[in-house]
Structures are given as structure tokens and as C-alpha cells.
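Structure assessment
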Amino acid sequence: MAITLTALVFLLIGAALGVGGVWLAVLGGSWYYLIAAVAFLVVAVLLFRRRSSALLLYALLVIGTLGWAIWEIGFDWWQLAPRGGVIMVLGLWLLTPWIRRGLASPANSGGSSGGPALALSVTVVAALVVAGYSMSQDPIQIKGELSKEIVSDAVDLGGNMPDGDWHQYGRTPYGQRYSPLKQITTENVSKLQIAWTYRTGDVKLPEDVGETTYQVTPLKVRDTLFICTPHNWAIALDAATGKEKWKFDPNSGMNPDRQHQTCRGVSYYADPAATPGQPCAERVYLPTSDARLIALDAANGQVCPSFADKGTLHLEKGMPYNPAGYYYSTSPPVVAAGKIIVGGAVNDNYSTQEQSGVIRAFDINTGALVWNWDSGNPDVTTPLPDGQTYTHNSPNSWSVSSADEKLGLLYVPLGNQTPDQLGAGRSANVEKFSSSIVALDLNTGQMRWVRQTVHHDLWDMDVPSQPTLVDINTASGTVPGLVGPTKQGDLYVLDRRTGEPIIPVKEIPAPTGAIEGDFTSPTQPISDLTFSPPPLTGKDMWGVSMFDQLVCRIEFLKLRYEGRYTPPSLQGSLIYPGNFGVFNWGGVAVDPERQIMFGMPTYLAFTSRLVPRADVPAPGVGTKGSEQGLNRNEGAPYAVVMGPFVSPLGLPCQTPPWGYVAGADLRTGKIAWKHRNGTVRDSSPLPLPFKVGVPGIGGPIITAGGVAFLGAAVDDYLRAYNVTNGEQLWEARLPAGGQSTPMTFSLDDGKQYVVIVAGGHGSVGTKPGDYVIAYTLPK
């Protein structure tokens, strides 16, 4: 009976591989699966006939598979396993007494199975040896070290504050995500323990949109932390104990049309002209998802009535359309030069009638509009007269900007005009400013320079990260630098005075062949400092078994793919890197003393398929905002279906690693090290801590103690790393997803703390929660 059932299993496997193998071969893919199918079918027949030669033939399949797998991908365990896992298990099963003895019976086979069984045993042992060896190898990683040399003694951190404070999203307007604190070091970080935990009470609700997320980085001023929550509550906490000081709920409501329900942070301001202790002498500015900016007294959370309209700035003013939920602010405004400067998010790919991407600077005390820079009308920055509107659907800035008050410049990361995948009819200004970094005069809003990172963007390659400002030593002297991470993996290292490259940028040929009526740029820029991955091939397709790997290989060849910047198509195109981004809003952290960076490059392929308007179904009842699935693009000739490129099991079709940590030298542009980051503990059926290298979204920080801290990965951990070589030094289990950027501070007693907000991320499916957790060294 065991032999008969085994033969049936082999027959079914052979049939499945045969159908898929023929399909793959017709598409121009590997012939291995078809050959393996024939072998499985013949082995099945031999098993039905109780022939010991089934073992010999299977031995040939094992050794052939082993040779083919090594030829394709070398000694990478995570790629060898799906190719040979099923075959190895079945080989071991064939060697069990229940099978082998049945084949040895003279009545059934006419001979002994000793020789064939020995042959199969040898090949199985050889495969196990290769598997064991590959487990000890990591051919993907880059080993090395960053220089420990302090190359700049008089560093410019970009802000005037105590070392133990954290006043803006990236600590200072420079967005370095660097702290000069060094009580926590590479030697003692492993001793960190929880100091306190606070729960906000703001949890994801059933009626919330999918991407309801905690992405906030707390601010710290003297003895108080300031945070916001997904539903835009502002909360002040005692930094030493985590006890709540005050809470403000703006009642921003629920709206299913919002694609994002999040708050990355609040903005802090101390009025230098105010008497200390008077109402609103220090303020916290809260952006909301219903397009308001509210000024609160930092001391007690009360609204500051002298700001704007009784404490509230209405950001929908001047917008060409006013559908609720289509425009909102998810990121903290910039505080610089007596102004509070606001961008905004628009719903991607909902409609051609989107709000303006205007950047507006308001008097930080009164809320009066000082200037506005509209990329659709870039030369006119004087305040918009009453009754007029900004340019609709101009490229927007949903992320965080940076500022250099000494140079008098604001640095804005810009997105793309929606629909992202359709470029016909874009204006000259849209073509100039989409997916770029723009420097604006802090006092007038006039453009000083622009550096575009994608020409004629058809892939949603917004510049997602806050530009990081850091001075860089070059052969011609110290240059005020800017580091701009991008979704496609390039890091633009520029002279922030002019936008000219410090690390070279060149143009390379790009795929052509857009849909009728559209076009593609013949070349695209790329920085010499890039984490852009090599193009995918069929051998890069992955699965937990040979079966889902085969499906991924077939799907890969069905899609249009010609490398980076393959245009969207009716056929369906593979976009790699996908719009999830190699880097996203978390950006990178830099050490301005050593002029090095720490980042978390992530690699996920996406698919993009255009749908003619006539084929777009009517909206379903209860539809909620999302950037995945069908994006309707109302008013455009095509909708688009987008999403990650995944197997039938919902796992990425491309081989891991999908997530890394990496370090690079900003003076040389060289990547010193790059290691897998994160485990599948929280994304697999069993909580197995296999270090595959998983995706993440969030950002890192660096401290003067030589330690980097990062949550972000889709397993629920906060981790500490040695910045010099990327070695993981410590990890703490989080009660929910840590898709936020941590921060660090110290109190008057010198004790240093590290804080992360763990509330999960709707888009990546991590566990929701409402935790704020502080860690410190034991007494």
C-alpha cells in the first residue's frame, strides 16, 4: 500500500510539473521542470511495477537537480532549498524500509534493491552535505568596515539644542537622525532593558482604511516627549516615567477615501519673543488627516487661539477641489526662519482632479501666509489672492522637508503627478519637477535649484525621504552636502548650495515602448552611490517549494520586463524596484563626524497592469482607500492594477533577501558592508526565527556611541547594530509592529534612553498596537 500511494504521489507531481514545465519552456524558460516531470512520471511507473530501478532513476534526478541548482545560483541555502527540498524529502522516503523492502521482494521486482538504494543513498548524502555547507555561507552579503576616523571635529548638526533633546523629526532641520549622546555604546548596548511603557489608547478600528499605521517619531524637549497617533491625537509624556501629561483629540473623523491614516510627527516651536511661562510661549503643531494644522500650547495641550483661525489653519484653502479625504498632511511641517512650512499628501491614482501639491510657508506665530510655491506655477510665490486656486494635480510633497537657515534654503522631496503610470499630457512644469529634490528660498519661496531623480516618471518613484544635510570633505575642501535617498535605491549626494553632484551622477539608457500616446525618457539618471539591485532573471524566482517557484517563473515570463524602468503596459509589467521603494519615508541616518551613513535597503518587485476605461468595474460598496489593487484613475483613459509580485502562497516571487542593513562612506561613495536584516518569525505559519532578510518600512538613527537603532522590519523587533561593520548587537521583542523611526534622549542625570513607537503598519500587515516603549541601561 505504501508503495502504491507513493507512486500516486509521484504521478501527481510529475503531471503538475509536466503541465507547468511545458508552459515555462514555451515561454522561453528553464527546461529543468519538464525534464524533472518526465523523471517523476517514469519513477511512478517503476514504483507501480515494484522495480528497484525506480531508486536508481531517482538518484539520477537528485544528482541532476543538485548540479542544476548549483549551476544556477551557487551555494545559497535560501535558493537551494526550494529547488531541492521536495526532492530530498521524497528521496529519504524512498529509502525507508516500507518502500525499499517492497522493491527488494523477488516476487515483485525479480531482484535486489541494494545497488539502486546505495546509489540513491550516496546522492542524498551528497545533497545533504551541500545543504549543510550552503547554510554556513551567505554569498549575498558584503563584509567590510567603515572608517572609525573622526574626519570633522567641528560638525554642524543643524540645530541649537541640548545634546539630550530631539526637537524635530530628524532631530534637527538637517534631518540627520544623529544624536551626539554616547552613554550607550557598542560594548554595553546588549544590556538595554525596558524603562517604561505607555499605551496611547488609539487603536485601529474596523472602519479604518487598510493603511492605518503608527509611524511617529517622538520629539523631546527638556523633560517632555511629544507624539501623535494615527487618528491625530497629540500626547505629551513625562520623559522619565512615560506618564501622560496631556492629550488633545482634534476629532479628525473617519473617511474611507483616505489612503493613509497616520501621523509621522508633530512640530515644536519656542517663541524667542515670548515671556517664559506665558500661554503658548512654546507650541506643538499638529497636522491632521482632515487637512488642518492646529497650534497647541506645549505646556498643557490647549489650543493657541492667536494662531490662524482660533488656533487652526485650514489647509484646504486655495485648493481647486474640495473632496474630503483627497488631501491631508501625514508628515510634520518644517519649522525654520520664523515660519512653519507645510506640504501635503494627495490620494495616488484616484482621479485626474487631484488637489495641488503646493508648498506653503506661514508665519509661525500668526498663521499668515508668507509665500507659496506651486510647482504648476513655480515663478509666482507671493501669497495666493483670495478667490484664486493653486494648480490642480501638481507634484506634491507628502514626506518631510529639510532646512538650512544659514544658507536660507528649504529642501523639498517631490512626488509625481497622478496618475503615476500615465504621462501623456503632462505640462512642462510637471516634467521638470516630478520626482525631484527642489531647493527653495526660505524667505521668498523662489526656486534656487532642482535635481530630478527620474525623468517622465511612470512608476510612482516619488522622492520619499527627508533630504539629509551633512557637510562632506572633498578633494577641494568641505562642501555643504545633501543626501537624498530614492525609491529606486540611488543616493544623491549633492552640494546643497547648487544641487550639483558631489558623488557623480550619470545618465544610462532606459527601456522604451510606452503605450500609444505616451512616451518614455531614453535615459534615466543614476548615482554612483546606489543600492539599486541587478535586473531579475528567471533563476531569481523563488518559492517555499519547487511548485510555487515554478508558478513564479511562469508569471515572471508572462509579464513585460526589460529591467529598471520597464514601462507600464496592458500586458502587465514587472516594476523592480517596486514603488514600495529601496528607501522610503524612513530615509537614512548619517554620522556627521565620520561622514558615513546607515540605511535599510529593501527589495520588493511590484506589478503594474493598465486597464482600459471601458473595462474598469464600478466601485464596490464599502470600498476603502488603498494604493494596492485597482487604482481607478477617474478621468484618465486607463486605470491601473498594482501590487507586490507574489506567489500563490502570498510570498514574494523574487528570491530573498528582501531586506538589508547597509553602511556607506559618503566621501568615497563606497558601500562598506551589507547584511540580511530580520526574520520570518512573524510572517510564517510557525514562529521560526530564520534570518532570511525581510522587508521593512521605517527609519534608523545613529548615536555618537557608534550604535544604530532600527525597528521597521516586518518582524516585531527593535535592533541595535554596530555602525562600523553592521553587526547586530541587541534586539528587543516588540508587542506590535515597529514601523516607525526610533529616537534617543537623555535627562539631567545623564541617563540615555531609546524610544520607539510600536503600533503596526496596515500595508505590510504587522501586528497593530498602541505602544510607546523606552529602553535604558540598568542602574
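Right, let's walk through the structure included here. The structure presented is a predicted model; accordingly, all values stated were derived computationally and were not measured.

1. What about the overall build of the protein chain?
The secondary structure content of the protein chain amounts to 9 helices and 40 strands. At 28 Å, the protein chain has a C-alpha radius of gyration in line with the 28 Å of a compact globule built from 779 residues. By its C-alpha atoms, the protein chain is 105 × 65 × 55 Å across when sized along the principal axes. Going through the 779 residues of the protein chain one by one, you find that 62% of them count as buried. Here the analysis covers contacts within the protein chain between residues at least 6 apart in sequence; of these, 64% occur between residues at least 24 apart. Separation between the mean location of the 57 positive side-chain charges and that of the 65 negative ones in the protein chain comes to 8 Å.

2. Section: the nonpolar core
Nonpolar side chains in soluble globular proteins tend to end up buried together. Residues F226, F709 and W730 are the most contacted members of the largest nonpolar core, which totals 54 residues. With 6 residues, strand β39 (residues 752-758) is the largest single contributor of residues to this core. With near-sequence residues (within four places) excluded, F226 lies in contact with P218, L219, V221, I235, A236, W246, V266, V284 and A298. Core analysis: the next-biggest nonpolar cluster, separate from the first, contains 42 residues, A39, F40, V124 and V130 among them.

3. Section: the side chain of D770
Within the element layout of this structure, D770 appears in the loop between β39 and β40 (771-776). A distance of 2.8 Å separates polar atoms of two side chains, one belonging to D770 and the other to R199. A polar contact of 2.8 Å, which involves the side chain of D770, links it to the backbone nitrogen of G201.

4. Brief notes about the state of the cysteines
Counted under the stated rule, the structure contains 3 disulfides. Here C228 engages in a disulfide with C263; their sulfurs sit 2.1 Å apart. For the disulfide bridge between C228 and C263, the dihedral angle about the S-S bond is near -95°, and by the sign convention the bridge is left-handed. Pair noted here: C228 is in strand β4 (residues 224-228) and C263 is in the loop between β6 (244-248) and β7 (267-270), with a separation of 35 residues, a long-range link. Taken individually, C228 and C263 each receive the classification buried, so the pair is uniform in this respect. Between C552 and C653 runs a disulfide, and the two sulfur atoms are separated by 2.0 Å. Measuring the twist about the S-S bond at about -75°, one finds the C552-C653 disulfide to be left-handed. On the criterion of sequence distance, the pair formed by C552 in helix α9 (residues 546-558) and C653 in the loop between β31 (638-644) and β32 (660-665) is long-range, its members being 101 residues apart. We classify C653 as buried; its relative accessible area is 1%. Here the disulfide map of the protein chain reads 1-2, 3-4, 5-6, the bonded cysteines being numbered as they appear in the sequence.

5. Here's the deal with unusual backbone geometry
Note that the residue after T418, namely P419, is joined by a cis bond; omega there is 5°. Tracing the sequence through the fold places P419 in the loop between β18 (409-413) and α8 (428-433). Omega for the bond connecting Y576 with P577 falls within 30 degrees of zero, at 0°, which places this linkage in the cis form. By the secondary structure assignment, P577 is in the loop between β26 (573-575) and β27 (589-591). Of note in the backbone geometry, C280 takes a positive phi value of approximately 65° without being a glycine. Here C280 shows up in the loop between β7 and β8 (282-287). Here C280 falls in the buried class, since its relative accessible area comes to 10%.

What counts as what
Residues numbered from 1 in each chain as written. Predicted model: local features only at pLDDT ≥ 70, side-chain atom pairs only at ≥ 80, totals over all residues. Heavy atoms only, no water. Helix = DSSP H or I, 4+ residues; strand = E, 2+ residues; numbered from the N terminus. Rg over C-alpha atoms; globule rule 2.2 N^0.38 Å. Buried < 20%, exposed > 50% of the residue type's maximum accessible area, 1.4 Å probe, protein only. Contact = heavy atoms within 4.5 Å. Lys, Arg positive; Asp, Glu negative; His and termini not counted. Charge placed at Lys NZ, Arg CZ, Asp CG, Glu CD. Core = buried A, V, L, I, M, F, W, Y, C linked by side-chain atoms within 4.5 Å. Polar contact = N/O pair within 3.5 Å; in protein donor to acceptor, adjacent residues only side chain to side chain. Disulfide = S-S within 2.5 Å.

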